[in-house]
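What follows is the residue order along each chain.
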There are 2 protein chains.
Amino acid sequence: MTTGVRRRMGVEERRQQLISVALDLFSRRSPDEVSIDDIAAAAGISRPLVYHYFPGKLSLYEAALRRASEELKARFTEPHEGPLGARLLHVMHRFFAHVDEYGPGFSALMRGGPAVSATGSREKEHVSTTNALIDDVRQSAYEQMLAHLGIAEAPPRLELVIRSWISLAESTALIWLDGRRIPREELELQLVHDFAALVAVSATRDEGMADVLRAILKDEPADGPFAELIGRLTSLAS
Amino acid sequence: MTTGVRRRMGVEERRQQLISVALDLFSRRSPDEVSIDDIAAAAGISRPLVYHYFPGKLSLYEAALRRASEELKARFTEPHEGPLGARLLHVMHRFFAHVDEYGPGFSALMRGGPAVSATGSREKEHVSTTNALIDDVRQSAYEQMLAHLGIAEAPPRLELVIRSWISLAESTALIWLDGRRIPREELELQLVHDFAALVAVSATRDEGMADVLRAILKDEPADGPFAELIGRLTSLAS
(Lines give C-alpha, C1' and ligand atoms only; values in the text may rest on other atoms or scores of the structure.)
Protein backbone atom coordinates (compact mmCIF):
# COMPACT_ATOMS: atom_id res chain seq x y z
CA MET A 1 0.00 0.00 0.00
CA THR A 2 1.18 3.50 -0.80
CA THR A 3 0.96 6.39 1.61
CA GLY A 4 -2.31 8.15 0.82
CA VAL A 5 -2.29 11.95 0.98
CA ARG A 6 -5.87 12.03 2.29
CA ARG A 7 -6.04 9.85 5.32
CA ARG A 8 -9.49 8.60 6.36
CA MET A 9 -10.55 9.62 9.83
CA GLY A 10 -11.52 7.06 12.45
CA VAL A 11 -15.08 7.08 13.78
CA GLU A 12 -14.28 8.84 17.05
CA GLU A 13 -11.95 11.30 15.36
CA ARG A 14 -14.66 12.19 12.83
CA ARG A 15 -17.26 12.60 15.58
CA GLN A 16 -14.95 14.95 17.46
CA GLN A 17 -14.28 16.94 14.30
CA LEU A 18 -18.02 17.29 13.64
CA ILE A 19 -18.60 18.43 17.23
CA SER A 20 -15.88 21.08 16.84
CA VAL A 21 -17.34 22.31 13.56
CA ALA A 22 -20.90 22.33 14.99
CA LEU A 23 -19.82 24.11 18.19
CA ASP A 24 -18.13 26.77 16.12
CA LEU A 25 -21.28 27.33 14.01
CA PHE A 26 -23.66 27.16 17.01
CA SER A 27 -21.46 29.77 18.72
CA ARG A 28 -21.39 32.27 15.89
CA ARG A 29 -25.08 32.09 15.00
CA SER A 30 -28.22 31.25 16.92
CA PRO A 31 -28.55 27.42 16.78
CA ASP A 32 -31.91 27.84 15.04
CA GLU A 33 -30.10 29.32 12.08
CA VAL A 34 -27.63 26.46 11.66
CA SER A 35 -28.65 23.55 9.43
CA ILE A 36 -27.15 20.09 8.96
CA ASP A 37 -26.19 21.28 5.46
CA ASP A 38 -24.18 24.14 7.00
CA ILE A 39 -22.38 21.69 9.28
CA ALA A 40 -21.68 19.26 6.43
CA ALA A 41 -20.32 22.08 4.25
CA ALA A 42 -18.11 23.43 7.06
CA ALA A 43 -16.75 19.94 7.76
CA GLY A 44 -16.18 19.28 4.04
CA ILE A 45 -18.29 16.11 4.02
CA SER A 46 -21.68 15.12 2.63
CA ARG A 47 -24.96 15.53 4.48
CA PRO A 48 -25.60 11.73 4.62
CA LEU A 49 -22.16 11.25 6.18
CA VAL A 50 -23.09 13.69 8.98
CA TYR A 51 -26.19 11.55 9.63
CA HIS A 52 -23.95 8.50 9.73
CA TYR A 53 -22.30 9.91 12.87
CA PHE A 54 -25.20 11.79 14.44
CA PRO A 55 -28.90 10.93 14.09
CA GLY A 56 -29.83 14.61 13.73
CA LYS A 57 -29.14 18.22 14.53
CA LEU A 58 -30.50 17.83 18.06
CA SER A 59 -27.94 15.21 19.06
CA LEU A 60 -25.12 17.16 17.42
CA TYR A 61 -26.27 20.28 19.29
CA GLU A 62 -26.28 18.33 22.55
CA ALA A 63 -22.79 16.97 21.90
CA ALA A 64 -21.53 20.50 21.14
CA LEU A 65 -23.21 21.83 24.28
CA ARG A 66 -21.65 19.03 26.32
CA ARG A 67 -18.19 19.94 25.00
CA ALA A 68 -18.77 23.67 25.75
CA SER A 69 -20.00 22.78 29.27
CA GLU A 70 -16.91 20.70 29.99
CA GLU A 71 -14.73 23.52 28.72
CA LEU A 72 -16.50 26.09 30.89
CA LYS A 73 -16.26 23.87 33.97
CA ALA A 74 -12.53 23.48 33.34
CA ARG A 75 -12.21 27.27 33.27
CA PHE A 76 -13.62 27.45 36.82
CA THR A 77 -10.61 25.53 38.12
CA GLU A 78 -8.32 27.88 40.01
CA PRO A 79 -5.48 26.98 42.40
CA HIS A 80 -6.35 27.31 46.09
CA GLU A 81 -3.59 29.86 46.65
CA GLY A 82 -3.59 33.51 47.47
CA PRO A 83 -6.44 35.78 48.52
CA LEU A 84 -9.96 34.89 47.42
CA GLY A 85 -10.60 38.18 45.61
CA ALA A 86 -7.71 37.59 43.21
CA ARG A 87 -8.76 33.97 42.58
CA LEU A 88 -12.33 35.02 41.85
CA LEU A 89 -11.10 37.70 39.46
CA HIS A 90 -9.09 35.10 37.51
CA VAL A 91 -12.18 32.90 37.22
CA MET A 92 -14.39 35.82 36.12
CA HIS A 93 -11.82 36.68 33.47
CA ARG A 94 -11.95 33.14 32.07
CA PHE A 95 -15.76 33.05 32.34
CA PHE A 96 -16.08 36.20 30.24
CA ALA A 97 -13.55 34.85 27.75
CA HIS A 98 -15.82 31.82 27.33
CA VAL A 99 -18.93 33.98 26.96
CA ASP A 100 -17.08 36.15 24.48
CA GLU A 101 -16.02 33.14 22.41
CA TYR A 102 -19.43 31.43 22.33
CA GLY A 103 -21.55 34.62 22.32
CA PRO A 104 -24.68 33.98 20.22
CA GLY A 105 -24.80 30.29 21.19
CA PHE A 106 -24.50 31.17 24.88
CA SER A 107 -27.31 33.71 24.58
CA ALA A 108 -29.62 31.32 22.75
CA LEU A 109 -28.95 28.56 25.28
CA MET A 110 -29.56 30.72 28.33
CA ARG A 111 -32.69 32.19 26.79
CA GLY A 112 -34.32 28.79 26.54
CA GLY A 113 -32.30 26.83 24.01
CA PRO A 114 -33.16 26.36 20.37
CA ALA A 115 -36.85 26.03 19.54
CA VAL A 116 -36.39 22.69 17.85
CA SER A 117 -38.72 20.79 15.61
CA ALA A 118 -39.06 17.33 17.05
CA THR A 119 -41.65 14.80 18.06
CA GLY A 120 -42.88 14.79 21.63
CA SER A 121 -40.66 12.38 23.49
CA ARG A 122 -37.40 13.43 21.78
CA GLU A 123 -38.26 17.06 22.52
CA LYS A 124 -38.87 16.27 26.19
CA GLU A 125 -35.59 14.40 26.36
CA HIS A 126 -33.79 17.32 24.70
CA VAL A 127 -35.23 19.87 27.13
CA SER A 128 -34.15 17.77 30.09
CA THR A 129 -30.69 17.08 28.60
CA THR A 130 -30.14 20.80 28.02
CA ASN A 131 -31.38 21.77 31.47
CA ALA A 132 -29.25 19.04 33.07
CA LEU A 133 -26.11 20.34 31.32
CA ILE A 134 -26.81 23.92 32.47
CA ASP A 135 -27.54 22.76 36.03
CA ASP A 136 -24.35 20.72 36.00
CA VAL A 137 -22.26 23.80 35.12
CA ARG A 138 -24.02 25.84 37.82
CA GLN A 139 -23.48 23.09 40.37
CA SER A 140 -19.81 22.90 39.45
CA ALA A 141 -19.45 26.68 39.90
CA TYR A 142 -21.21 26.41 43.26
CA GLU A 143 -18.95 23.60 44.49
CA GLN A 144 -15.81 25.43 43.37
CA MET A 145 -16.89 28.50 45.34
CA LEU A 146 -17.51 26.43 48.47
CA ALA A 147 -14.13 24.72 48.07
CA HIS A 148 -12.36 28.10 47.80
CA LEU A 149 -14.17 29.26 50.93
CA GLY A 150 -13.04 26.06 52.63
CA ILE A 151 -16.62 25.10 53.53
CA ALA A 152 -17.86 21.54 53.08
CA GLU A 153 -21.57 21.98 53.82
CA ALA A 154 -23.08 25.42 53.27
CA PRO A 155 -25.77 26.74 55.61
CA PRO A 156 -28.91 28.01 53.78
CA ARG A 157 -27.91 31.69 53.69
CA LEU A 158 -24.47 31.00 52.22
CA GLU A 159 -25.94 28.63 49.66
CA LEU A 160 -28.45 31.29 48.65
CA VAL A 161 -25.81 34.01 48.31
CA ILE A 162 -23.49 31.84 46.20
CA ARG A 163 -26.21 30.41 43.94
CA SER A 164 -27.94 33.75 43.41
CA TRP A 165 -24.58 35.40 42.69
CA ILE A 166 -23.93 32.72 40.03
CA SER A 167 -27.21 33.70 38.39
CA LEU A 168 -26.17 37.36 38.67
CA ALA A 169 -22.97 36.47 36.81
CA GLU A 170 -24.99 34.74 34.08
CA SER A 171 -27.37 37.65 33.63
CA THR A 172 -24.54 40.18 33.73
CA ALA A 173 -22.81 38.24 30.93
CA LEU A 174 -26.02 38.02 28.88
CA ILE A 175 -26.71 41.74 29.22
CA TRP A 176 -23.10 42.50 28.31
CA LEU A 177 -23.38 40.35 25.15
CA ASP A 178 -26.36 42.42 24.04
CA GLY A 179 -24.42 45.33 22.57
CA ARG A 180 -21.18 45.07 24.61
CA ARG A 181 -21.64 48.64 25.80
CA ILE A 182 -19.50 48.25 28.94
CA PRO A 183 -15.84 47.11 28.91
CA ARG A 184 -15.60 43.41 29.74
CA GLU A 185 -12.80 43.92 32.28
CA GLU A 186 -14.95 46.33 34.25
CA LEU A 187 -17.71 43.73 34.61
CA GLU A 188 -15.26 40.99 35.60
CA LEU A 189 -14.11 43.13 38.54
CA GLN A 190 -17.66 44.30 39.25
CA LEU A 191 -18.85 40.71 39.72
CA VAL A 192 -16.05 40.07 42.22
CA HIS A 193 -17.15 43.19 44.09
CA ASP A 194 -20.80 42.16 43.81
CA PHE A 195 -19.99 38.86 45.50
CA ALA A 196 -18.39 40.64 48.45
CA ALA A 197 -21.33 43.07 48.59
CA LEU A 198 -23.95 40.29 48.62
CA VAL A 199 -22.04 38.43 51.37
CA ALA A 200 -21.81 41.70 53.34
CA VAL A 201 -25.55 42.36 53.04
CA SER A 202 -26.37 38.87 54.25
CA ALA A 203 -23.75 39.23 57.02
CA THR A 204 -25.61 42.21 58.49
CA ARG A 205 -28.22 39.86 59.93
CA ASP A 206 -26.53 36.50 60.30
CA GLU A 207 -23.52 35.73 62.47
CA GLY A 208 -22.47 32.76 60.29
CA MET A 209 -22.35 34.99 57.21
CA ALA A 210 -20.40 37.59 59.20
CA ASP A 211 -17.80 34.88 59.87
CA VAL A 212 -17.65 34.10 56.13
CA LEU A 213 -17.13 37.79 55.38
CA ARG A 214 -14.35 38.07 57.95
CA ALA A 215 -12.65 34.96 56.54
CA ILE A 216 -12.80 36.45 53.03
CA LEU A 217 -11.37 39.80 54.10
CA LYS A 218 -8.72 38.37 56.43
CA ASP A 219 -6.28 37.40 53.67
CA GLU A 220 -7.08 40.36 51.47
CA PRO A 221 -3.99 42.40 50.54
CA ALA A 222 -4.17 46.20 50.44
CA ASP A 223 -4.16 46.13 46.63
CA GLY A 224 -6.67 43.26 46.21
CA PRO A 225 -10.13 43.64 44.64
CA PHE A 226 -12.04 43.50 47.93
CA ALA A 227 -9.78 46.07 49.59
CA GLU A 228 -10.23 48.21 46.49
CA LEU A 229 -14.01 48.01 46.88
CA ILE A 230 -13.88 49.06 50.53
CA GLY A 231 -11.58 51.96 49.68
CA ARG A 232 -13.86 53.13 46.87
CA LEU A 233 -17.01 52.80 48.98
CA THR A 234 -15.38 54.77 51.79
CA SER A 235 -14.37 57.60 49.47
CA LEU A 236 -17.86 57.55 47.90
CA ALA A 237 -19.45 57.92 51.35
CA SER A 238 -17.28 60.86 52.38
CA MET B 1 -89.63 30.04 31.58
CA THR B 2 -88.85 29.26 35.21
CA THR B 3 -85.73 30.39 37.00
CA GLY B 4 -83.24 27.56 36.61
CA VAL B 5 -81.15 26.74 39.68
CA ARG B 6 -78.20 25.82 37.45
CA ARG B 7 -77.55 28.74 35.18
CA ARG B 8 -75.51 28.05 32.04
CA MET B 9 -72.32 30.03 31.78
CA GLY B 10 -71.60 32.26 28.80
CA VAL B 11 -68.60 31.45 26.59
CA GLU B 12 -66.26 34.09 28.04
CA GLU B 13 -67.35 33.35 31.60
CA ARG B 14 -66.65 29.64 31.09
CA ARG B 15 -63.26 30.39 29.56
CA GLN B 16 -62.33 32.57 32.53
CA GLN B 17 -63.50 29.88 34.96
CA LEU B 18 -61.39 27.26 33.19
CA ILE B 19 -58.36 29.57 33.28
CA SER B 20 -58.83 30.05 37.04
CA VAL B 21 -59.14 26.32 37.64
CA ALA B 22 -56.11 25.57 35.43
CA LEU B 23 -53.99 28.29 37.04
CA ASP B 24 -54.81 26.87 40.46
CA LEU B 25 -53.75 23.35 39.37
CA PHE B 26 -50.65 24.54 37.47
CA SER B 27 -49.63 26.45 40.62
CA ARG B 28 -49.96 23.59 43.06
CA ARG B 29 -48.29 20.95 40.90
CA SER B 30 -45.70 21.01 38.17
CA PRO B 31 -47.64 21.65 34.91
CA ASP B 32 -46.33 18.34 33.55
CA GLU B 33 -48.35 16.57 36.22
CA VAL B 34 -51.65 18.26 35.35
CA SER B 35 -53.87 16.63 32.72
CA ILE B 36 -56.92 17.90 30.86
CA ASP B 37 -58.89 15.30 32.84
CA ASP B 38 -57.71 16.93 36.10
CA ILE B 39 -58.82 20.33 34.83
CA ALA B 40 -62.20 19.00 33.65
CA ALA B 41 -62.77 17.29 37.02
CA ALA B 42 -61.81 20.40 39.00
CA ALA B 43 -64.12 22.55 36.85
CA GLY B 44 -66.95 20.03 37.14
CA ILE B 45 -67.36 19.64 33.39
CA SER B 46 -66.58 16.96 30.82
CA ARG B 47 -63.29 16.56 29.03
CA PRO B 48 -64.84 17.27 25.58
CA LEU B 49 -66.33 20.51 26.94
CA VAL B 50 -62.84 21.67 28.00
CA TYR B 51 -61.70 21.06 24.41
CA HIS B 52 -64.66 23.09 23.21
CA TYR B 53 -63.11 26.15 24.88
CA PHE B 54 -59.40 25.40 24.52
CA PRO B 55 -57.77 23.35 21.74
CA GLY B 56 -55.44 21.65 24.23
CA LYS B 57 -53.47 21.79 27.44
CA LEU B 58 -50.83 24.00 25.87
CA SER B 59 -53.24 26.83 25.07
CA LEU B 60 -54.87 26.53 28.50
CA TYR B 61 -51.41 26.67 30.09
CA GLU B 62 -50.57 29.77 28.07
CA ALA B 63 -53.85 31.45 29.07
CA ALA B 64 -53.17 30.65 32.75
CA LEU B 65 -49.62 31.96 32.43
CA ARG B 66 -50.90 35.13 30.78
CA ARG B 67 -53.30 35.71 33.69
CA ALA B 68 -50.52 35.10 36.27
CA SER B 69 -48.21 37.50 34.37
CA GLU B 70 -50.82 40.25 34.37
CA GLU B 71 -51.39 39.70 38.07
CA LEU B 72 -47.66 39.87 38.83
CA LYS B 73 -47.22 43.03 36.76
CA ALA B 74 -50.11 44.61 38.67
CA ARG B 75 -48.28 43.80 41.93
CA PHE B 76 -45.27 45.86 40.79
CA THR B 77 -47.41 49.01 40.79
CA GLU B 78 -46.46 51.18 43.74
CA PRO B 79 -47.33 54.87 44.33
CA HIS B 80 -44.49 57.29 43.61
CA GLU B 81 -44.50 58.62 47.16
CA GLY B 82 -42.06 58.36 50.03
CA PRO B 83 -38.48 57.09 50.06
CA LEU B 84 -37.41 54.53 47.45
CA GLY B 85 -36.30 51.91 49.98
CA ALA B 86 -39.78 51.67 51.49
CA ARG B 87 -41.42 51.50 48.04
CA LEU B 88 -39.10 48.74 46.94
CA LEU B 89 -39.78 46.80 50.13
CA HIS B 90 -43.55 46.95 49.46
CA VAL B 91 -43.00 45.61 45.95
CA MET B 92 -40.70 42.81 47.18
CA HIS B 93 -43.35 41.84 49.71
CA ARG B 94 -45.99 41.53 46.98
CA PHE B 95 -43.54 39.71 44.66
CA PHE B 96 -42.85 37.06 47.29
CA ALA B 97 -46.59 36.76 48.03
CA HIS B 98 -47.04 35.95 44.32
CA VAL B 99 -44.18 33.45 44.32
CA ASP B 100 -45.58 31.89 47.49
CA GLU B 101 -49.05 31.55 45.94
CA TYR B 102 -47.91 30.08 42.63
CA GLY B 103 -44.91 28.13 43.98
CA PRO B 104 -44.52 24.92 41.93
CA GLY B 105 -45.88 26.55 38.77
CA PHE B 106 -43.46 29.47 39.13
CA SER B 107 -40.54 27.08 39.62
CA ALA B 108 -41.48 24.95 36.61
CA LEU B 109 -41.90 28.03 34.43
CA MET B 110 -38.60 29.61 35.41
CA ARG B 111 -36.77 26.31 35.01
CA GLY B 112 -37.73 26.10 31.34
CA GLY B 113 -41.49 25.62 31.26
CA PRO B 114 -43.32 22.34 30.89
CA ALA B 115 -41.69 19.77 28.63
CA VAL B 116 -44.72 19.46 26.42
CA SER B 117 -45.59 16.86 23.85
CA ALA B 118 -46.42 18.70 20.69
CA THR B 119 -45.61 18.76 17.02
CA GLY B 120 -42.80 20.96 15.81
CA SER B 121 -44.36 24.27 14.89
CA ARG B 122 -46.80 24.41 17.81
CA GLU B 123 -43.90 23.65 20.17
CA LYS B 124 -41.83 26.47 18.67
CA GLU B 125 -44.77 28.82 19.02
CA HIS B 126 -45.27 27.75 22.64
CA VAL B 127 -41.62 28.31 23.56
CA SER B 128 -41.71 31.79 22.07
CA THR B 129 -45.07 32.62 23.71
CA THR B 130 -43.75 31.52 27.10
CA ASN B 131 -40.46 33.41 26.70
CA ALA B 132 -42.34 36.51 25.51
CA LEU B 133 -44.57 36.45 28.60
CA ILE B 134 -41.56 36.13 30.93
CA ASP B 135 -39.68 38.90 29.09
CA ASP B 136 -42.77 41.10 29.27
CA VAL B 137 -42.90 40.76 33.08
CA ARG B 138 -39.16 41.48 33.35
CA GLN B 139 -39.51 44.51 31.09
CA SER B 140 -42.41 45.79 33.19
CA ALA B 141 -40.33 45.41 36.38
CA TYR B 142 -37.46 47.23 34.69
CA GLU B 143 -39.65 50.13 33.56
CA GLN B 144 -41.24 50.46 37.00
CA MET B 145 -37.79 50.70 38.58
CA LEU B 146 -36.72 53.41 36.13
CA ALA B 147 -39.94 55.33 36.75
CA HIS B 148 -39.37 55.21 40.53
CA LEU B 149 -35.83 56.47 40.00
CA GLY B 150 -37.26 59.26 37.83
CA ILE B 151 -35.05 58.31 34.89
CA ALA B 152 -36.46 58.17 31.37
CA GLU B 153 -33.53 56.67 29.48
CA ALA B 154 -31.06 54.53 31.44
CA PRO B 155 -27.34 54.64 30.62
CA PRO B 156 -25.80 51.16 30.09
CA ARG B 157 -24.48 50.73 33.66
CA LEU B 158 -27.81 51.56 35.27
CA GLU B 159 -29.66 49.30 32.87
CA LEU B 160 -27.26 46.46 33.69
CA VAL B 161 -27.62 46.93 37.45
CA ILE B 162 -31.43 47.02 37.34
CA ARG B 163 -31.83 44.11 34.92
CA SER B 164 -29.28 41.91 36.68
CA TRP B 165 -30.87 42.74 40.06
CA ILE B 166 -34.25 41.61 38.64
CA SER B 167 -32.65 38.28 37.75
CA LEU B 168 -31.15 38.15 41.26
CA ALA B 169 -34.66 38.59 42.66
CA GLU B 170 -35.92 35.73 40.47
CA SER B 171 -33.17 33.37 41.50
CA THR B 172 -33.49 34.34 45.16
CA ALA B 173 -37.21 33.50 45.00
CA LEU B 174 -36.54 30.19 43.23
CA ILE B 175 -33.91 29.15 45.77
CA TRP B 176 -36.25 30.18 48.60
CA LEU B 177 -39.06 28.01 47.14
CA ASP B 178 -36.76 25.00 47.24
CA GLY B 179 -37.25 24.13 50.90
CA ARG B 180 -38.19 27.58 52.27
CA ARG B 181 -35.31 27.43 54.72
CA ILE B 182 -35.00 31.20 55.20
CA PRO B 183 -37.88 33.42 56.41
CA ARG B 184 -39.55 35.13 53.47
CA GLU B 185 -39.53 38.57 55.14
CA GLU B 186 -35.76 38.39 55.57
CA LEU B 187 -35.27 37.84 51.83
CA GLU B 188 -37.67 40.65 50.91
CA LEU B 189 -35.54 43.10 52.89
CA GLN B 190 -32.31 41.46 51.69
CA LEU B 191 -33.24 42.09 48.05
CA VAL B 192 -33.87 45.78 48.80
CA HIS B 193 -30.44 45.91 50.42
CA ASP B 194 -28.92 43.97 47.52
CA PHE B 195 -30.20 46.60 45.10
CA ALA B 196 -28.53 49.39 47.06
CA ALA B 197 -25.33 47.32 47.30
CA LEU B 198 -25.21 46.63 43.54
CA VAL B 199 -25.80 50.31 42.78
CA ALA B 200 -23.05 51.23 45.27
CA VAL B 201 -20.56 48.79 43.69
CA SER B 202 -21.24 50.21 40.23
CA ALA B 203 -21.07 53.75 41.67
CA THR B 204 -17.48 53.20 42.79
CA ARG B 205 -16.29 53.55 39.20
CA ASP B 206 -18.94 55.59 37.42
CA GLU B 207 -19.97 59.15 38.25
CA GLY B 208 -23.46 58.69 36.75
CA MET B 209 -24.09 55.71 39.04
CA ALA B 210 -22.76 57.73 42.00
CA ASP B 211 -25.43 60.33 41.21
CA VAL B 212 -28.09 57.60 41.17
CA LEU B 213 -26.85 56.35 44.55
CA ARG B 214 -26.93 59.85 46.02
CA ALA B 215 -30.47 60.40 44.71
CA ILE B 216 -31.61 57.12 46.31
CA LEU B 217 -30.05 57.93 49.68
CA LYS B 218 -31.10 61.60 49.72
CA ASP B 219 -34.72 60.93 50.75
CA GLU B 220 -33.92 58.00 52.98
CA PRO B 221 -35.26 58.39 56.54
CA ALA B 222 -33.17 57.26 59.52
CA ASP B 223 -35.40 54.20 59.97
CA GLY B 224 -35.64 53.24 56.27
CA PRO B 225 -34.20 50.04 54.80
CA PHE B 226 -31.21 51.70 53.11
CA ALA B 227 -30.27 53.61 56.28
CA GLU B 228 -30.61 50.32 58.16
CA LEU B 229 -28.18 48.67 55.75
CA ILE B 230 -25.58 51.41 56.18
CA GLY B 231 -25.93 51.23 59.96
CA ARG B 232 -25.52 47.46 59.97
CA LEU B 233 -22.55 47.53 57.58
CA THR B 234 -20.87 50.18 59.74
CA SER B 235 -21.30 48.15 62.92
CA LEU B 236 -20.09 45.03 61.08
CA ALA B 237 -16.94 46.85 59.98
CA SER B 238 -16.10 48.08 63.50
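The preceding data block contains the structure.
Residues numbered from 1 in each chain as written. Chains lettered and ligands numbered in written order. Predicted model: local features only at pLDDT ≥ 70, side-chain atom pairs only at ≥ 80, totals over all residues. Heavy atoms only, no water.

Trainee: I would appreciate a short explanation of the overall build of chain A in the present structure.
Mentor: Within chain A, the regular secondary structure consists of 11 helices and 0 strands. Put simply, chain A runs from its N terminus to its C terminus through helices and strands in the order α-α-α-α-α-α-α-α-α-α-α. Each of the three principal axes of chain A carries a C-alpha extent, and together these read 75 × 45 × 35 Å. Looking at chain A residue by residue over its 238 residues, the buried ones come to 53%. Sequence-distant contacts, at least 24 apart, represent 67% of the contacts inside chain A between residues at least 6 apart. Of the roughly 11,200 Å² that chain A leaves accessible, carbon and sulfur atoms contribute 54%. For chain A, the separation between the mean place of its 28 positive charges and that of its 34 negative charges on side chains is 6 Å. (Helix = DSSP H or I, 4+ residues; strand = E, 2+ residues; numbered from the N terminus. Buried < 20%, exposed > 50% of the residue type's maximum accessible area, 1.4 Å probe, protein only. Contact = heavy atoms within 4.5 Å. Areas by Shrake-Rupley, 256 points an atom, 1.4 Å probe, with all protein chains shown as cover. Lys, Arg positive; Asp, Glu negative; His and termini not counted. Charge placed at Lys NZ, Arg CZ, Asp CG, Glu CD.)

Trainee: Is there a simple way to think about the interface of chain B and chain A in this case?
Mentor: Where interface size is quoted, it is often the accessible area lost as the parts come together. Each partner contributes residues to the interface: chain B has 47 residues there, and chain A has 47 residues. Buried surface at the junction of chain B and chain A, both sides included, amounts to about 4,200 Å², of which 63% is carbon and sulfur. The largest contributions to the chain B side of the interface with chain A come from Leu160(B), Arg205(B) and Leu236(B), which together make up 16% of the buried area. The tally of links from chain B across to chain A stands at 4 salt bridges. For Glu159(A), the salt bridge goes to Arg181(B), with nearest N and O atoms at 3.2 Å. Applying the counting criterion to the chain B and chain A interface returns 10 residue pairs in polar contact (both at pLDDT 80 or more). Ranked by the residues each element gives to the side of chain B that touches chain A, the list is headed by helix 8 (residues 156–177) of chain B, at 13 residues. (Buried area = accessible area lost by both parts, 1.4 Å probe. Salt bridge = Lys/Arg side-chain N within 4 Å of Asp/Glu carboxyl O. Polar contact = N/O pair within 3.5 Å; in protein donor to acceptor, adjacent residues only side chain to side chain.)

Trainee: Please clarify how the packing of aromatic side chains should be interpreted in this entry.
Mentor: Aromatic ring pairs are reported here in terms of the distance separating the ring centres and the angle at which the planes meet. For the structure on display, the rule yields 10 aromatic pairs over all chains. Where Phe26(B) meets Tyr61(B), the ring centres are 5.1 Å apart and the plane angle is 80 degrees; that geometry is what we call edge-to-face. Remark: Tyr61(B) occurs in helix 4 (residues 57–76) and Phe26(B) occurs in helix 1 (residues 11–28); sequence separation between them is 35 residues. As far as the burial class goes, Phe26(B) and Tyr61(B) line up, both buried. Look at Phe95(B) and Phe106(B): their rings are 6.4 Å apart centre to centre, the planes differ by 75 degrees, and that puts the pair in the edge-to-face class. Highlighted residues: Phe95(B) in helix 5 (residues 84–101) and Phe106(B) in helix 6 (residues 103–110), separated in sequence by 11 residues. In terms of burial, Phe95(B) and Phe106(B) fall into one category: buried. Here the aromatic residues Phe95(A), Phe96(A), Phe106(A) and Trp176(A) are joined through ring pairs into a cluster of three or more. Seen from the ring of Tyr142(A), Arg163(A) lies directly overhead, with NZ or CZ sitting 3.8 Å from the centre. (Phe/Tyr/Trp six-rings, centres within 6.5 Å; stacked < 30°, edge-to-face > 60°. Lys NZ or Arg CZ within 6 Å of the ring centre and 35° of its normal.)

Trainee: Help me understand the pattern of salt bridges, please; the structure alone is not making it clear to me.
Mentor: Side-chain pairing between opposite charges can occur once the charged atoms of the two side chains come close. A full pass over the atoms with the stated rule returns 44 salt bridges over all chains. With its nearest N and O atoms 2.9 Å apart, the salt bridge here joins Glu159(A) to Arg163(A). Of this pair, Glu159(A) and Arg163(A) both sit in helix 8 (residues 156–177), 4 residues apart, which is roughly one turn of that helix. Residue classification places Glu159(A) among the buried residues on the basis of a relative accessible area of 16%. Of the charged contacts, one joins Arg28(B) and Asp24(B) as a salt bridge, the two residues approaching to 2.7 Å between their closest N and O atoms. Here Arg28(B) and its partner Asp24(B) are both found in helix 1, 4 residues apart, which amounts to about one turn of the helix. Residue Asp24(B) is classed as partly exposed on the basis of its relative accessible area, which comes to 38%.

Trainee: Please explain the packing of helix 5 (residues 84–101) of chain A against helix 9 (residues 184–203) of chain A as it appears in this structure.
Mentor: Each pair of packed helices can be summarised by the angle the axes make with each other and by the distance between the axes. Residues and elements named next belong to chain A. For the pair helix 5 and helix 9, interaxial distance at closest approach is 9 Å and the crossing angle is 135 degrees. If you check the angle between helix 5 and helix 9, you find them oblique. The way helix 5 lies across helix 9 gives a crossing that is right-handed. Between helix 5 and helix 9, the contacting residues are Leu84, Gly85, Leu88, Leu89, Met92, His93, Phe96, Ala97 and Asp100 on the first element and Arg184, Leu187, Glu188, Leu189, Leu191, Val192 and Phe195 on the second. Across the contact of helix 5 with helix 9, the residue classes break down as 11 nonpolar, 2 polar and 3 charged. (Axes fitted to C-alpha atoms, helices over the stretch in contact; angles between N-to-C directions. Parallel < 35°, antiparallel > 145°, perpendicular 65-115°, else oblique. Left-handed = near helix turned anticlockwise from the far one by under 90°. Nonpolar A, V, L, I, M, F, W, Y, C, P; charged D, E, K, R; others polar.)

Trainee: Just checking my understanding: could you explain the nonpolar core for this structure?
Mentor: Nonpolar side chains in soluble globular proteins tend to be buried together. Residues Trp165(A), Phe195(A), Trp165(B) and Phe195(B) are the most contacted members of the largest nonpolar core, which totals 98 residues. Sequence-distant contacts of Phe195(A), defined by excluding residues within four places in its chain, comprise Leu84(A), Leu88(A), Met145(A), Leu149(A), Val161(A), Ile162(A), Trp165(A) and Ile216(A). (Core = buried A, V, L, I, M, F, W, Y, C linked by side-chain atoms within 4.5 Å.)

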